[in-house]
Amino acid sequence: MRIKETKEVYEGEVTELSPVETADNPTSNSGLGKTVSHLVIGLKTAKGTKQLKLDPSIYEALQKERVEVGDVIYIEANSGAVKRCGRSDAFATEFDLEAEEYVPLPKGDVHKKKEVVQDVTLHDLDAANARPQGGQDILSMMGQLMKPKKTEITDKLRKEINKVVNKYIDDGVAELVPGVLFIDEVHMLDIECFTYLHRALESTIAPIVVFATNRGRCKIRGAEDIVSAHGIPADLLDRLLIVKTLPYSKEEMAQIVRIRAQVEGLGVDEDAVNVLSDIGNLTTLRYAVQLLTPAAVSAKLAGRPNAITKADIADIKDLFIDAKSSAVLLKENDHKYMH
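What you see is a predicted model; the values in this text were computed from it and never measured.

Caption draft 1: Up close: the side chain of Asp71. Here Asp71 is to be found in strand S4 (residues 71–76). Within the structure, Asp71 has its side chain in polar contact with the side chain of Arg84 (distance 3.0 Å). Side chain to side chain, Asp71 and Arg87 meet in a polar contact 2.8 Å long. When sequence neighbours within four positions are dropped, the list of residues in contact with Asp71 reads Gly12, Glu13, Val14, Arg66, Arg84, Gly86, Arg87 and Ser88.

Caption draft 2: The arrangement of the layout of surface pockets in detail. The space that makes up the largest pocket amounts to roughly 1,200 Å³. At the level of secondary structure, the elements contributing two or more residues to the lining of the largest pocket comprise helix H2 (122–130), helix H4 (155–171), strand S9 (180–183) and helix H5 (191–200). The element that contributes the greatest number of residues to the lining of the largest pocket is H4, accounting for 6 residues.

Caption draft 3: Just the pattern of salt bridges, in detail. Per the stated rule, a full pass over the model turns up 15 salt bridges. The shortest N-O distance in the salt bridge between Lys47 and Asp109 comes to 4.0 Å. Of this pair, Lys47 sits in the loop between strand S2 (34–44) and strand S3 (49–54) while Asp109 sits in the loop between strand S6 (102–103) and strand S7 (111–119); the two residues are 62 residues apart in sequence, bridging distant segments of the chain. According to the relative accessible area criterion, Lys47 is exposed, its value standing at 61%. The partly exposed category is assigned to Asp109, whose relative accessible area is 42%. Of the charged contacts in the structure, one is a salt bridge between Lys167 and Asp171, with a shortest N-O distance of 3.1 Å. In this pair, Lys167 and Asp171 both sit in helix H4, 4 residues apart, roughly one turn of the helix. A residue is classified by how much of its surface remains accessible, and Lys167, at 53% relative accessible area, is exposed. For Asp171, a relative accessible area of 49% corresponds to the partly exposed category.

Caption draft 4: Main features of the packing of helix H10 (residues 292–301) against helix H11 (residues 310–319). In contact at an axis separation of 9 Å, H10 and H11 are set at 120° when each is read in the N-to-C sense. With respect to H11, the axis of H10 lies oblique. By crossing handedness, the relation of H10 to H11 is classed as right-handed. Contact residues: Pro294, Ala295, Ser298 and Ala299 in H10; Asp312, Ile313, Asp315 and Ile316 in H11. Per-class residue counts for the contact of H10 with H11 are 5 nonpolar, 1 polar and 2 charged.

Caption draft 5: Broad picture of the packing of helix H8 (residues 270–282) against H11. Contact geometry for H8 and H11: axes closest at 8 Å, N-to-C directions at 35°. Between H8 and H11, the contacting residues are Asp271, Ala272, Val275, Leu276 and Ile279 on the first element and Lys310, Ile313 and Lys317 on the second. A class-by-class count of the residues in the contact of H8 with H11 yields 5 nonpolar, no polar and 3 charged.

Caption draft 6: Spatial organisation of the pairing of strand S12 (residues 223–229). Pairing of strand S11 (residues 217–220) with S12, which is carried by 4 bridges, proceeds in the antiparallel orientation. The partner of Cys218 across the bridge, within S12, is Ser228. Joining the antiparallel neighbours S11 and S12 is a turn of 2 residues, in which Gly222 adopts a positive phi near 90°.

Thresholds applied
- Residues numbered from 1 in each chain as written.
- Predicted model: local features only at pLDDT ≥ 70, side-chain atom pairs only at ≥ 80, totals over all residues.
- Heavy atoms only, no water.
- Helix = DSSP H or I, 4+ residues; strand = E, 2+ residues; numbered from the N terminus.
- Polar contact = N/O pair within 3.5 Å; in protein donor to acceptor, adjacent residues only side chain to side chain.
- Contact = heavy atoms within 4.5 Å.
- 1 Å grid on protein atoms, 1.4 Å probe; cavity = no way out; pocket = protein on both sides within 12 Å on 5 of 7 lines; lining within 4 Å.
- Points joined across faces, edges and corners; volume = space filled by probe spheres on them.
- Salt bridge = Lys/Arg side-chain N within 4 Å of Asp/Glu carboxyl O.
- Buried < 20%, exposed > 50% of the residue type's maximum accessible area, 1.4 Å probe, protein only.
- Axes fitted to C-alpha atoms, helices over the stretch in contact; angles between N-to-C directions.
- Parallel < 35°, antiparallel > 145°, perpendicular 65-115°, else oblique.
- Left-handed = near helix turned anticlockwise from the far one by under 90°.
- Nonpolar A, V, L, I, M, F, W, Y, C, P; charged D, E, K, R; others polar.
- Pairing = 2+ DSSP bridges.

Purely geometric numbers; function is a separate question.
Next up, the structure:
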């Protein structure tokens, strides 16, 4: 979810940082017991400068962010939250080793309205609201002292978060950026998983879901009497757009082999590419592509480090067999192997 907020901020390079202290006990001459009554801070932009008188709580926030004179910061007017953007690039030459991030001097006025864009996932929102916020009762205090445990995200909490998210979207405060959930070997899911997915997909904030499977008609797990296409229940299948896939042609396989060889930095002559595409056609493309690496070793031993030839493929093909050939070999020699 992408949340856009227009915030009133004070932004600029810190030119002055002066905490003004007052003694708690005016009669005491020891100097102890002093507290910060307010903070005077100077901010500079390309357009001008401004001096601000701020609350002591903002001074604590500045200390946490380790803000110094010469840093570029912005302070939210409503919440008093402080964000350190980096060191002003006017100080870029003060160190030989630049471990610091240097940022340009902000443009415009010190006091301005700024659009802040924040990306959060729905799970982040669930997790943030699931954690107990603490309180004065003994259970909350014990919970803070003890090792924190993961809090369960209940269905009720999810529904409440979804209501808030939908309200944000309707009001135009937030924009939903749907993710993609890819489920491979989807026929391995059981009937209960499919039921849950079917219900979850009806939500307006559901991601784009991609199911992948290589099955034709098979039984659905958890309901052995139901046979369905691709191992997916018919009512869920009806909601899906089915992408038709075709086996690669010989020309496409040759192109894929060329691209893979280029990525791996291997030189392959055209005859070797044709042989590999033939092998891919008979066996699998994965096996044909995997032959490239041992073939490169064979070519190197033969004194041709940058050119894999037809002869190298022939030598390597005899050393390494594909899965189909291996299965046939096992079937033919079944009596020779231990069971």
